[in-house]
Amino acid sequence: MEGIAIRKMSPDDLVQVCTIENLCYTTPWSLNSFKHELTNEEAILKVAVLNSEIIGYVCIRTILDMTHLLNVAVLPEFRFKGIGTFLLKNAVGELKRLHPDTKLTLEVRQSNIAARRLYEKFGFKVIGKRTKYYQKPEDDAILMELDIQLFFPD
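Each value, and the rule that gives it
Residues numbered from 1 in each chain as written. Predicted model: local features only at pLDDT ≥ 70, side-chain atom pairs only at ≥ 80, totals over all residues. Heavy atoms only, no water. Axes fitted to C-alpha atoms, helices over the stretch in contact; angles between N-to-C directions. Helix = DSSP H or I, 4+ residues; strand = E, 2+ residues; numbered from the N terminus. Parallel < 35°, antiparallel > 145°, perpendicular 65-115°, else oblique. Left-handed = near helix turned anticlockwise from the far one by under 90°. Contact = heavy atoms within 4.5 Å. Nonpolar A, V, L, I, M, F, W, Y, C, P; charged D, E, K, R; others polar. Pairing = 2+ DSSP bridges. pLDDT = per-residue confidence, 0-100. Expected span 1.5 Å × (residues − 1). Buried < 20%, exposed > 50% of the residue type's maximum accessible area, 1.4 Å probe, protein only. Core = buried A, V, L, I, M, F, W, Y, C linked by side-chain atoms within 4.5 Å.

Chemist: Would you take a moment to explain the packing of helix α3 (residues 83-98) against helix α4 (residues 113-122) for this structure?
Modeler: The description of two packed helices rests on the angle between their axes and on the distance between the axes. Close contact between α3 and α4 brings their axes to 11 Å; oriented N to C, the two are set at 45°. Taken together, the axes of α3 and α4 are oblique relative to one another. Seen along the crossing, α3 lies across α4 with a hand that is right-handed. Contacts between α3 and α4 pair Gly84, Thr85, Leu88, Lys89 and Val92 from the former with Leu118, Tyr119, Lys121 and Phe122 from the latter. A breakdown of the residues in the contact of α3 with α4 according to their chemical character gives 5 nonpolar, 2 polar and 2 charged.

Here it is as structure tokens:
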């Protein structure tokens, strides 16, 4: 991605990250939720930056033997340009270095076809469904999993 840099999220990024969060989600995380994740040693938080502006972010957290993609978001005007894929590749690359044998799981709205296509293109497989998992509006969650060893072979 020309001109776009991926770097570790910092506390100084949180106002811009929360702005994106509020634009992208009907039940957004709070500023305190992001602050908490920044203090978690098992979390991978990255931002995509273009001309000093944060245009997207990704949050991944490992708890014991499970790793979960908590959040990925890109400003609406920058979607469908490969930025989400760029963020995911960077974060999963770091995840593989830290936890090489893990599988990455996520939930995605059943109605969010664009996100589901991104995850499928990335190599995630559907492993289940949670009925009425989301609110505002009510929607089912599709559970997906990625074996990072298969996506990033040694």
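Chemist: Where do I start with the sheet that holds strand β3 (residues 53-63) in this structure?
Modeler: Strands belonging to one sheet form pairs held by backbone hydrogen bonds; the direction of such a pair is parallel or antiparallel. With mixed pairing, 7 strands are arranged side by side in an open sheet as β1-β2-β3-β4-β5-β7-β6. Edge positions in the sheet fall to β1 (4-8) and β6 (125-134), since each of these pairs with one other strand and no more. Strand-to-strand twist in this sheet, taken as the mean axis angle between neighbours without regard to direction, amounts to 25°. Two elements, strand β4 (residues 66-74) and strand β5 (residues 103-109), share 2 bridges in a ladder whose sense is parallel. Its bridge partner lying in β5, Thr67 is registered against Leu104. Lying on the sheet, α3 is in contact with β1, β2 (43-50), β3, β4, β5 and β7 (139-147); it crosses β2 at an angle near 145°.

Chemist: Explain the confidence of the model for the chain to me, please; I cannot follow it from the model alone.
Modeler: In low-pLDDT regions, the fine details of the predicted coordinates are not to be read closely. In the predicted model, the chain carries a mean pLDDT of 92, and the fraction of residues at 70 or more is 97%. The least confident element of the chain, judged by mean pLDDT, is helix α5 (residues 148-151) at 75; the most confident is β2 at 97.

Chemist: What's the story with α3 in this structure? I'm lost.
Modeler: Helical geometry: 3.6 residues make up each α-helical turn, so side chains three or four residues apart lie on a common side. For α3, spanning 16 residues, the distance from its first C-alpha to its last is 23 Å, which sits close to the expected 22 Å at 1.5 Å a residue. Those residues of α3 that fall on the buried side of the exposure criterion are Ile83, Gly84, Thr85, Leu87, Leu88, Ala91, Val92, Gly93, Leu95 and Lys96.

Chemist: What is the right way to look at the nonpolar core in this model?
Modeler: Nonpolar side chains tend to gather and get buried jointly when the protein is soluble and globular. Residues Met9, Tyr57, Ile60, Leu69 and Tyr119 are the most contacted members of the largest nonpolar core, which totals 45 residues. Ranked by the residues each element gives to this core, the list is headed by β2, at 7 residues. Each residue touching Leu69, except ones within four places of it in the same chain, is listed here: Val58, Cys59, Ile60, Leu88, Leu104, Thr105, Leu106 and Tyr119.

Chemist: Teacher, can you tell me more about unusual backbone geometry here?
Modeler: Glycine aside, residues mostly have negative phi angles, and peptide bonds mostly take the trans form. Cis geometry marks the peptide bond from Lys136 to Pro137; its omega dihedral reads -5°. With respect to the helices, strands and loops of the structure, Pro137 is situated in the loop between β6 and β7. In the Ramachandran plot, Lys132 falls in the positive-phi region, its phi being about 55° despite a non-glycine side chain. With respect to the helices, strands and loops of the structure, Lys132 is situated in strand β6. Of note in the backbone geometry, Lys136 takes a positive phi value of approximately 55° without being a glycine. Along the chain, the position of Lys136 falls in the loop between β6 and β7.

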